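In case you want the letters, here they are:
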Amino acid sequence: MRAIAIENLKGGVGKTVTTISLAHILTETYGKKVLVVDCDGQCNLTRFYLGEVPDTVTLAEVLAGDHEPYWLDNVIEVKPGLQLLPASQELYRLDLAALRRGASGLTALRDFLEAVAEDGGADVVLFDCPPGFTAASTAALMAAGEIIVPVLMDGFSVEGMADMLIQVSSMREVNPALRVTGVLINQWHRCPAVEQGEQLLRSMPLPVFRQTIRRTDKVPESTFLKTAVVDYSITSAASRDYRLLCQEIFGEVTNNGKI
């Protein structure tokens, strides 16, 4: 089971859209079982699928140890093959508690995933992480084996990426398996600043995905309609790019042909 955190300390770089797009491609095209975990107190991923925060177990209860004993009783099936562990604003309260106590069940999510893996409950787990290091995002990095870092070609998101990579190095002291699978250039479009930024990024000693995600109005349109862009506009530039990115990360499809 692959567990991948999608994270950048800068907000607005496309973490949630990337999580949704990869999850839908993996379930619909690859035939995989996917668990998505909303680690953000803003609950964007949760509201995308459910419309509102449910009155059920959420990630906050898992981190606090107040969840149901059987992992499957804590997740919600949002479509065939796709399960969601939702977020709630209780994650903010958990952050305050973590500041006071110095810890907040940081291994609870890793233990939860071990139970999922033992039951064969998922092939891939995707953590949609918030900007900054919170109790939830730190727990995700404790549980994950890989990180995908979406960036825009602007100084703020690149600086956020650089700061995060420093923190990832520190996290390896407690999770030696953690590695950066790749930096993802998002909202790419042809202009000198973007092209120069991409050239600079690719010259750095870090893994950068060959595939970029092109900017398209279909992405914000799809979020208003609560529909994955890869389903909303299958021929849009972003949809085609996400399918090629999925192939770069997971390889060619083996059960339903090729992308």
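Residues numbered from 1 in each chain as written. Predicted model: local features only at pLDDT ≥ 70, side-chain atom pairs only at ≥ 80, totals over all residues. Heavy atoms only, no water.

Digging into the overall build of the protein chain
Summing up its helical and strand segments, the protein chain has 11 helices and 7 strands in all. On C-alpha atoms alone, the protein chain measures out to a radius of gyration of 17 Å, which is about the 18 Å that the 2.2 N^0.38 rule sets for 259 residues. Dimensions along the principal axes, computed over C-alpha positions, put the protein chain at roughly 50 × 40 × 30 Å. Here the analysis covers contacts within the protein chain between residues at least 6 apart in sequence; of these, 76% occur between residues at least 24 apart. Surface accessibility of the protein chain: about 11,600 Å² in total, with carbon and sulfur atoms responsible for 51%. (Helix = DSSP H or I, 4+ residues; strand = E, 2+ residues; numbered from the N terminus. Rg over C-alpha atoms; globule rule 2.2 N^0.38 Å. Contact = heavy atoms within 4.5 Å. Areas by Shrake-Rupley, 256 points an atom, 1.4 Å probe, with all protein chains shown as cover.)

Let's talk about helix α7 (residues 155–171)
Helix length check: α7 (17 residues) gives 24 Å between terminal C-alpha atoms against 24 Å at 1.5 Å per residue, within 8%. Buried within α7 we find Ser157, Gly160, Met161, Met164, Leu165, Val168 and Met171. Burial along α7 is one-sided: seen end-on, the buried residues are contained in an arc of 145°. Relative to its buried face, α7 has exposed residues pointing more than 90 degrees away, namely Phe156 and Ile166. Structurally, the start of α7 carries an N-cap: the backbone nitrogen of Phe156 is 3.0 Å from a side-chain oxygen of Asp154. (Expected span 1.5 Å × (residues − 1). Buried < 20%, exposed > 50% of the residue type's maximum accessible area, 1.4 Å probe, protein only. Arc of directions from axis to C-beta. Polar contact = N/O pair within 3.5 Å; in protein donor to acceptor, adjacent residues only side chain to side chain.)

Quick look at the state of the cysteines
What we call a disulfide is simply a covalent bond connecting the sulfur atoms of a pair of cysteines. According to the stated counting rule, one finds 0 disulfides in the structure shown. You can see Cys43 has no disulfide; the closest cysteine sulfur is in Cys39, sitting 11 Å from it. Relative accessible area serves as the criterion here: at 0%, Cys43 is assigned to the buried category. (Disulfide = S-S within 2.5 Å.)

Details of the packing of helix α5 (residues 108–118) against helix α6 (residues 135–143)
Running from N to C, α5 and α6 cross one another at 45°; their axes reach a closest spacing of 7 Å. Between α5 and α6, the crossing angle belongs to the class labelled oblique. The way α5 lies across α6 gives a crossing that is right-handed. When α5 is examined against α6, the residues Leu109, Arg110 and Leu113 are found in contact with a partner set consisting of Ala139, Ala140, Met142 and Ala143. (Axes fitted to C-alpha atoms, helices over the stretch in contact; angles between N-to-C directions. Parallel < 35°, antiparallel > 145°, perpendicular 65-115°, else oblique. Left-handed = near helix turned anticlockwise from the far one by under 90°.)

What to know about the nonpolar core
In this structure, Leu59, Leu109, Phe112 and Phe127 are the most contacted members of the largest nonpolar core, which totals 49 residues. Filtering out sequence-adjacent residues up to four positions away, Leu59 remains in contact with Val37, Asp38, Cys39, Leu85, Pro86, Leu91, Leu109 and Ala136. (Core = buried A, V, L, I, M, F, W, Y, C linked by side-chain atoms within 4.5 Å.)

Details of helix α1 (residues 15–28)
Across its 14 residues, α1 extends 20 Å between first and last C-alpha, which sits within 8% of the 20 Å expected from 1.5 Å per residue. The buried count for α1 comes to 12 of 14 residues, which makes it a mostly enclosed element. Every buried residue belonging to α1 is among Lys15, Val17, Thr18, Thr19, Ile20, Ser21, Leu22, Ala23, His24, Ile25, Leu26 and Thr27, and all of these are buried.

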